[in-house]
Amino acid sequence: MKRDDIIQSDEHGNKAEAFEAFDDIPTNPNLGNTIGDVINRRYGRRDIMRGALAVSATTALFGTTAVIAPKQAAAMGNAEDSRYVFDELTWGNDVNHHIADGYNADILIRWGDPIFANVPEFDPQNQSAEDQKMRFGYNNDYVGFHELEPGRGILCVNHEYTNEEVMFPGLGRQDRDGFQGMTEELVNIEMAAHGGSIFEIVKGDDGKWSVVLDSPYNRRITADDTQMTFSGPAAGHARMQTSADPAGMNVIGTINNCAGGMTPWGTYLMAEENFHGYFWTDVVDGDGDPDVSAQAEAESMRRYGTPGRWYAWGQYHDRFNIDVEPNEPNRFGWIVEVDPTDPTSTPVKHTAMGRFRHEGAESTVAGDGRVVLYSGDDNRFDYVYKFVTAGTVSDDKAANMQLFSEGTLYVARYNDDGTYEWMPLVHGEGPLTAENGFDSQADVMIDTRLAADLLGATPMDRPEDIEPRGDGAVFVMLTNNSRRTAEQVDAVNPRPESNFGHILQMNEDGGDHAATSGTWDILVQCGDPNIAEVGAVWNPETSENGWFGSPDNCALDDNGRLWISTDQGSGWGRTGKSDGLYSLETEGDLRGHSKLFFRCPVGGELCGPYFADNSETLFLAVQHPGTDGTRDFAGFERNSTFEDPATRWPDFAEGMPPRPSVVVVTKEGVVRSRSDLLCSKTNGLATRGAVFRSRGGVT
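Below you will find a few notes about this structure.

What counts as what
Residues numbered from 1 in each chain as written. Predicted model: local features only at pLDDT ≥ 70, side-chain atom pairs only at ≥ 80, totals over all residues. Heavy atoms only, no water. Helix = DSSP H or I, 4+ residues; strand = E, 2+ residues; numbered from the N terminus. Contact = heavy atoms within 4.5 Å. Areas by Shrake-Rupley, 256 points an atom, 1.4 Å probe, with all protein chains shown as cover. Phe/Tyr/Trp six-rings, centres within 6.5 Å; stacked < 30°, edge-to-face > 60°. Buried < 20%, exposed > 50% of the residue type's maximum accessible area, 1.4 Å probe, protein only. Lys NZ or Arg CZ within 6 Å of the ring centre and 35° of its normal. Lys, Arg positive; Asp, Glu negative; His and termini not counted. Salt bridge = Lys/Arg side-chain N within 4 Å of Asp/Glu carboxyl O. Polar contact = N/O pair within 3.5 Å; in protein donor to acceptor, adjacent residues only side chain to side chain. Pairing = 2+ DSSP bridges. Axes fitted to C-alpha atoms, helices over the stretch in contact; angles between N-to-C directions. Disulfide = S-S within 2.5 Å. Core = buried A, V, L, I, M, F, W, Y, C linked by side-chain atoms within 4.5 Å.

**Notes on the overall build of the protein chain**
Counting its regular elements, the protein chain contains 13 helices and 33 strands. Look at the contacts in the protein chain between residues 6 or more apart in sequence, and 68% of them connect residues 24 or more apart. In the structure as shown, the protein chain presents an accessible area of about 23,200 Å², 47% of it carried by carbon and sulfur atoms.

**Focus: the packing of aromatic side chains**
Scanning the entire structure with this criterion turns up 31 aromatic pairs. Relative to F199, the ring of F136 lies with its centre 6.0 Å away and its plane at 85 degrees, an arrangement referred to as edge-to-face. Placement of F136 in the loop between α5 (129-132) and β5 (140-149) and of F199 in strand β7 (residues 195-203) is noted, with a sequence separation of 63 residues between them. In this structure F136 comes out as buried when scored by relative accessible area, which is 0%. On the basis of relative accessible area, F199 is assigned to the buried category, the value being 0%. Here R355 stacks its cationic end above the ring of Y304, 4.2 Å away from the centre of that ring.

**Quick look at the side chain of D528**
Along the chain, D528 turns up in the loop between β26 (517-525) and β27 (551-556). No salt bridge is formed by the buried D528; its nearest oppositely charged neighbour, K577, is found at 7.4 Å. Among the polar contacts made by the side chain of D528, one reaches the main-chain amide nitrogen of N530 at a distance of 2.9 Å.

**Looking at the sheet that holds strand β21 (residues 419-424)**
Here 9 strands make up an open sheet; going across it, the order is β16-β17-β19-β20-β21-β26-β25-β24-β23 and the pairing antiparallel. Of all the strands in the sheet, the pair left with one neighbour each is β16 (358-365) and β23 (463-468). The mean inter-strand angle of the sheet, taken between neighbouring strand axes irrespective of direction, is 30 degrees. As judged from the 5 bridges shared by strand β19 (residues 384-392) and strand β20 (residues 407-414), these two strands associate in the antiparallel manner. Directly across from Y385, in β20, lies its bridge partner V411. The strands touched by helix α12 (residues 448-455) within the sheet are β17 (370-377), β19, β20 and β21, with β20 carrying the most contacts at an inclination of about 50 degrees.

**Concerning the sheet that holds β27**
Ordered in space as β3-β30-β29-β28-β27, the 5 strands form an open sheet in which the pairing is antiparallel. The open sheet has two edge strands, β3 (98-99) and β27, and neither has a second partner. Of the pairings in the sheet, the one linking strand β29 (residues 580-584) to strand β30 (residues 594-599) comprises 5 bridges and is antiparallel in character. When the bridges of β30 are listed, S583 appears paired with K595.

**Points about helix α7 (residues 184-193)**
Extensive coverage of α7 is indicated by the burial of 8 of its 10 residues. L186, V187, N188, I189, E190, M191, A192 and A193 are the residues of α7 that are buried. For α7, the secondary structure elements touched by its buried residues are α5, β6 (152-159), α6 (164-167), β7, β9 (219-221) and α9 (313-316). G195 sits one or two positions beyond α7 and adopts a positive phi of about 95 degrees.

**Regarding the pattern of salt bridges**
Taken as a whole and assessed by the stated rule, the structure comprises 38 salt bridges. Here D453 ties to R303 by a salt bridge, and the two come within 2.8 Å at their closest N and O atoms. Highlighted residues: D453 in helix α12 and R303 in helix α8 (residues 298-304), separated in sequence by 150 residues. One salt-bridge network, held together by shared partners, links R303, D377, D382, R449 and D453.

**With respect to the state of the cysteines**
Counted according to the given criterion, the structure contains 0 disulfides. Not part of a disulfide, C258 finds its nearest cysteine sulfur in C607, a span of 6.6 Å.

**Some words on the side chain of N93**
Along the chain, the position of N93 falls in the loop between α4 (70-76) and β3. N93 sits in the buried class, given a relative accessible area of 16%. Apart from residues lying up to four places away in sequence, N93 is in contact with W572, G576, K577, S578, R599, P601, V602 and F633.

**Notes on the nonpolar core**
Core analysis: the largest hydrophobic core is formed by 80 residues, its most contacted members being I255, Y268, W313, Y385, F404, V411 and L425. For this core, the leading source of residues is α7, giving 6 residues. Ignoring any residue separated from it by four or fewer positions in sequence, one finds V411 in contact with Y383, V384, Y385, E421, W422, M423, L425, A452, L455 and A457.

**With respect to the environment of T346**
Along the polypeptide, T346 turns up in the loop between β14 (335-338) and β15 (348-350). By relative accessible area, T346 is classed as partly exposed at 45%. When near neighbours in sequence (up to four residues on either side) are disregarded, T346 contacts Q227, M228 and T229.

**Observations regarding the pairing of strand β25 (residues 502-508)**
Burial analysis of β25 places 7 of its 7 residues in the buried class, which makes it a mostly covered element. Both faces of β25 are covered, namely the face carrying H502, L504, M506 and E508 and the face carrying I503, Q505 and N507. Sheet topology places strand β24 (residues 473-478) next to β25; 6 bridges connect them, and they run antiparallel. Note on β25: the bridge partner recorded for V474 is M506. Here 7 bridges tie β25 to β26, and the two strands are oriented antiparallel to one another. The residue of β26 that forms the bridge with N507 is T519.

See below:
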């Protein structure tokens, strides 16, 4: 999930993709023992390079390693039962979205749609910050659902970033043009379009979902006016204090909210990812790059890539200018907890869970009642983390909302023998002492990356979403890393082998998510299995349509099957496939077998996915349609603008730009209204007949 990749041209004017998105530039100096090194040592390079049809590779990578609980094993059935029953979608890339036959994919809400009553229809030619705060925000990413009763609930959606080139008339891509067209009003609209949207939805008699505009739950969270507070060890620390908040206890807004999570007690977690990109400085070096050498926070800023200067916010708002407020970046990069059932509540940034570019915030309850939350640090050569609460979950929601204020944050180190260990990030233990710059636990949490470096964590290939399963299995999306094998790149072979990413399966010891060690294995190595040098490894039954690149978000269905959305950025030209949703087997003879279920319109990235409504509903989010890689879109072959986009999805109306949207997936011919669901619940049948949970897979 990133800004569009940088376009470069040679001396003859021929374009070339640099494939180095702003959020992908590595900042980790400790690259002596990366996960690629571990994989190559464990399996052997030549075995991996043979591709999906290599018997030795499939045997090594597709042996079932997870310990499955009896109930779950029974639900999965045997290998023959677990074959998918939907007809696989054909890969491709065009102006519209597509879904497998037998399913509906309806637009629920689009950027600019009202989420409050008495708000007029959206007019992209007449935008304002105050108007945007009444509407669904931009670039919808994580989607979560809190059920109020069958057929009625609250949808929680993150808004990651904005694309001004297709959002505002007459601008084009501003970060490539010195922000010459940006004004304070446009900046304020961008800030209002960030954050999150919370709103009630209901299922009608026709089985379709719609927004309840007059619901008391509806709420916009923005970057410029939502008051938040801090909890945990860094709350109130001197490094959190600013001129506007001398106590270091409160902050306005949240930014770059990527993947997230829903807690067992029904709150909504917003992960702050690429926060560094929003900060500004007027001090640059000889190359025109930000120069932080004179900053007291220089080492920390370099490790986090701050300031990124992706946006012009710091030109109009001092808190985003590190020359004025050098501590403000320390107030971002956290996980934010929001109570969707109380629109008057104050969101909390939990500092005990560490500060980094959080991708995802998925949690589960360990056997002893403690809550365990997994999160990736989405940067090349950064780390996998988990947090284990000190307290245990109860039926007291208010008490549960304090759990993330105290506990232990761990970072993973992977070993060559297929084991791993979770190393605690605790002040005073090992190298995390004053001698190394850590005077307190607050310093460890503010500079989590620097602390993990000292512990010798394993640098990973862009860890993104991480999904725990009830049996102790954990699935880690490793999106890509073009710098992993740079020594193999030459003029005629410009693509490193890690362009397409892979998926790691971890199995916590004893099936206990609170364990401090376990075993790991590779579920799949992504990319085209027909090109040996790519090194892709899939189940041999995976078709041409089923393989994918750059796994990003994920979810588990009721059968323990993994559903994966992809984020290739502008690099989709390397595969020819648009981003989409794939169903992936994780157990038995079909382990590593993937099938394409949904694909995005050109330039769009798929986010979510989220199963709800007893798995009868699947929510998907399509962000930045019509932007990424449109120079590779046959027949268009140029950058999109507001006036001239590669697609006008989903409206296809003249004058309406492409609009990020949430899509609702349901099965054709299955119409279960809210009244039907309430009746089923009354008769104890609410969990039967779920669309996504038969023994045969999706039915």
